[in-house]
Amino acid sequence: MQSRSIQPLPENPEPQRLADEILQALRYRLGKDTTVATPHDWLTASIKVVRDRIIDHWMKGTKETYEQQEKRVYYLSLEFLIGRLMRDAFCNLGLMEAMREALASLDVDIDLIARLEPDAALGNGGLGRLAACFMESMATLDIPAHGYGIRYVNGMFRQEIQDGWQVELPETWLDHGNPWEFERRERSFEVGFCGFVESPSDGEGDAPGRHIWKPTERVLAVAYDTPVVGWRANRVNTLRLWSGMPVDPILLDKFNAGDHIGALAESNKADALSRVLYPADSHQAGQELRLRQEYFFSSASLQDILQRHVSQYGEIASLPDKAAIHLNDTHPAVAVPELMRLLMDEHDMPFALAWDMTRRTFAYTNHTLLPEALESWPVPLFERLLPRHMQIVYAINAAVLLEARQGGHFNDQQIANISLIQENGERRLRMGNLAFVGSHSVNGVSMLHTELMKETVFADLHRLYPDRINNKTNGITPRRWLLQCNPGLTTLAREAIGDAFLDDIAAIRALDPLADDATFREKFAAVKRQNKERLARLVAERLGIRIDPAALFDVQIKRIHEYKRQLLNILEAVALYDQIRSHPERDWVPRVKFLGGKAAPSYHNAKLIIKLANDVARVVNRDPAVRGLLKIVFVPNYNVSAAEILIPAADLSEQISTAGMEASGTGNMKFALNGALTIGTLDGANVEIREHVGPENIFIFGLTADEVAERRKGDAQSRATIEGSRELSQAIAAVSSGVFSPDDPSRYRELMNGLYQHDWFMVAADFEAYAAAQRDVDAKWRDSAAWYASAVRNVARVGWFSSDRTIREYAKDIWNVPV
Ligand SMILES: *Cc1c(COP(=O)(O)O)cnc(C)c1O
């Protein structure tokens, strides 16, 4: 870490003192004594003890920010995939060992209670996890920041696998309360919906200016704060999540008139706003409730930000100098017209001034180019829910289109692309365009993705505002994704190169020369082996599948999506299965293929792919002809906690998306940092990972993004491609004819036909290259010295993919805050 130095922590507290504090908490906070305390009570008491220590750091930072009038960062995200927090806090406060001892002295196993902590899954996948890593890095880098989101009572669904199919169950993470959070009843804001707009009385007609919005529906947003502790408790920031409450909990006149259901209608409506997270990843949810959620949390957050600003500075004009508001994807894009409304209608500002301030305040991150994921709302729906905002959007659009026309460089089609309103077919409001024009910075999340953004979705907006798009390659926090999840590797690295990398992960580069040291490689392999044994034990216990920790562990864990191509992986496994049976004499590398991930409940093909993985696993795992050389394990309910076990145990990381479709990926970074080699396409951040680790330490295969685009333009060639590959056509034929689904032989016929008809995701097109790359993997695995040398080099060379580096770039280039 550069300029600001890390304060060493005060001497570790005596475990004895911590044990006393835990007993006190048990008694006075929970009202229990040791004879009746349940494991959950011990967990709660431990968290309360640690939380008390956090509070002092928290208040100190808040006070300093206030007194020194520091600029604050506000990170608006509909998702925060934070996972469990206890280890995170222990680790960052340097309390892990002392707490372990303290609890042991009370006869409590810290690992046991740690497993009881619910995994806060308030996000779908990468986008939500990025927000969580960013929060931790901002605290680590001592940036005054608030995260804003929704406190979903039921976050991401819990996935069970029944008879091979995904079954979705509600995740009830708040069942035992949430010992981390502070409810702030006093910090609540009214959020309106629907109604009408009263025009200015001075007869200005439609011209922008002060209007009065009279919503007919109102709800309260109530704040719940969770402290986010940075490394070495440098700073503690706030994650503020909003919960929906009725303005009138019960309509008594309705109730007294006998309408008992109607009397509670408002309560139910408010409750619905913070009840569920839409389980759609890379797909726009498109439901009215979703738009309501977006406005609900954007409006509450902006009211909160403006109130804080005005109460500190006594005026509003300095907002852009003292607040940077970041839009994590377009989900909070409605914050743009909301800030305009607050400035114009409540602070009496003219349109031009409000527009200038708004653009200086906001920045926007784009996360996807997939057309099905780009948010847009039907104009009639938007206008009904948010009539004032619709007027403001029209006024913004008029200003932007005027600017575009004035240059005279744009034809009608290009003007139509720039417009906030899509006019062909149903009129829709494009949230990406709204976020773009309302921000001073628009960033992509990997070099490739940013370049593609300039060429595709935002091509014409980029021509109009050529300085706005910039790249900020994603990163991951090394605290959670190395220090906590892989204590074995952390200890080994500390012994080998000292502690500098704990404070600055770039220093892990010092491991690089040790790749050539046979003794070090053996120690490294022993750590990997321990992590694999732990995973093998869990798989045996929970899934009843026996696997050999000596086998190559090949892992693909991420949301199930056709573009991520789990199907390519499964078809290659089917082909390999066939080969092993046909050529028992060959020297096959024993492999365990792990797959895990959730499918959006409405995504038919994704759910079918889960079933296929399980069907193939059942046949392969019990076939004696395979002699255990290939095992397939589908890990149910993939979440952050599962990732923390699987990633340290992986030898091979599958990052095989269709080139041009994965914006960045962050799973790829976690694996490399834990010493797995990547097999992947030139997509997202894989491109940059290759540059950092060197082409000899990664297995790259397949079509490039340009080649994919080219191929999609031409005639479909997939039939010829499939017929040209014996392995692939046999694998497809086997799946298609029901070899793995004898109970329903036609189950996969359509899925397989899709490969013949269009092969949009290039599964057929990339199959041969992928299979060949897998045989290269086998060859390298046989040369164990070469394998572990590459693994060590991966660890040593991916420090750059730390979210500390990413956040420093945001701070300097986008937010203009010191680091
Ligand atoms: C890192 C992470 C992701 C993102 O994985 P990708 O492979 O980049 O899609 C998704 N879910 C969880 C739980 C994660 O930890």
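Everything numeric in this text was worked out from a predicted model, so none of it was measured.

## Details of the overall build of the chain
Next, step 1: Helix and strand counts for the chain come out as 35 helices and 24 strands.
Next, step 2: Overall, the C-alpha framework of the chain stretches about 90 × 75 × 60 Å when taken along its three principal axes.
Next, step 3: For the chain, with 819 residues in total, the buried portion stands at 61%.
Next, step 4: Restricting the contact set of the chain to residue pairs at least 6 apart, pairs at least 24 apart contribute 77%.
Next, step 5: Accessible surface, the chain: about 31300 Å² in total, of which carbon and sulfur atoms supply 50%.
Next, step 6: Side chains of the chain carry 93 positive and 110 negative charges; the gap between the two charge centres is 2 Å.

## Description of the sheet that holds strand 15 (residues 421-422)
Next, step 1: Within the open sheet, the three strands sit side by side as 14-16-15. Their pairing is antiparallel. Strands with a single pairing partner mark the edges of an open sheet, and in this sheet they are strand 14 (376-378) and strand 15.
Next, step 2: Pairing analysis gives three bridges linking strand 14 to strand 16 (residues 428-430), with the strands arranged antiparallel. What sits directly across from Trp 377, in strand 16, is Leu 429.

## A word on the sheet that holds strand 10 (residues 217-229)
Next, step 1: Read from one edge of the open sheet, nine strands run 7-10-11-4-1-12-13-17-18, paired in mixed fashion. With one partner strand each, in any of the chains shown, strand 7 (182-193) and strand 18 (469-471) form the two edges of the open sheet. Geometrically, the sheet is characterised by an average inter-axis angle of 25 degrees between neighbouring strands, direction not taken into account.
Next, step 2: Bridge count for strand 4 (residues 145-150) against strand 11 (residues 236-246) is five bridges, and the pairing is parallel. Bridge pairing links His 146 to Thr 238 in strand 11.
Next, step 3: Its contacts with the sheet place helix 9 (residues 265-273) against strand 4, strand 7, strand 10 and strand 11, and it is angled at close to 150 degrees to strand 11.

## Notes on the pairing of strand 20 (residues 591-596)
Next, step 1: In terms of burial, strand 20 is a largely internal element, six of the six residues being buried.
Next, step 2: Taking every second residue as pointing to the same face, both faces of strand 20 are buried, with Arg 591, Lys 593 and Leu 595 on one and Val 592, Phe 594 and Gly 596 on the other.
Next, step 3: Sheet topology note: the strand 20/strand 21 (residues 630-635) ladder contains six bridges and is parallel. Bridge assignment links Gly 596 to a residue of strand 21, and that residue is Val 635.

Criteria and thresholds
- Residues numbered from 1 in each chain as written.
- Predicted model: local features only at pLDDT ≥ 70, side-chain atom pairs only at ≥ 80, totals over all residues.
- Heavy atoms only, no water.
- Helix = DSSP H or I, 4+ residues; strand = E, 2+ residues; numbered from the N terminus.
- Buried < 20%, exposed > 50% of the residue type's maximum accessible area, 1.4 Å probe, protein only.
- Contact = heavy atoms within 4.5 Å.
- Areas by Shrake-Rupley, 256 points an atom, 1.4 Å probe, with all protein chains shown as cover.
- Lys, Arg positive; Asp, Glu negative; His and termini not counted.
- Charge placed at Lys NZ, Arg CZ, Asp CG, Glu CD.
- Pairing = 2+ DSSP bridges.
- Axes fitted to C-alpha atoms, helices over the stretch in contact; angles between N-to-C directions.

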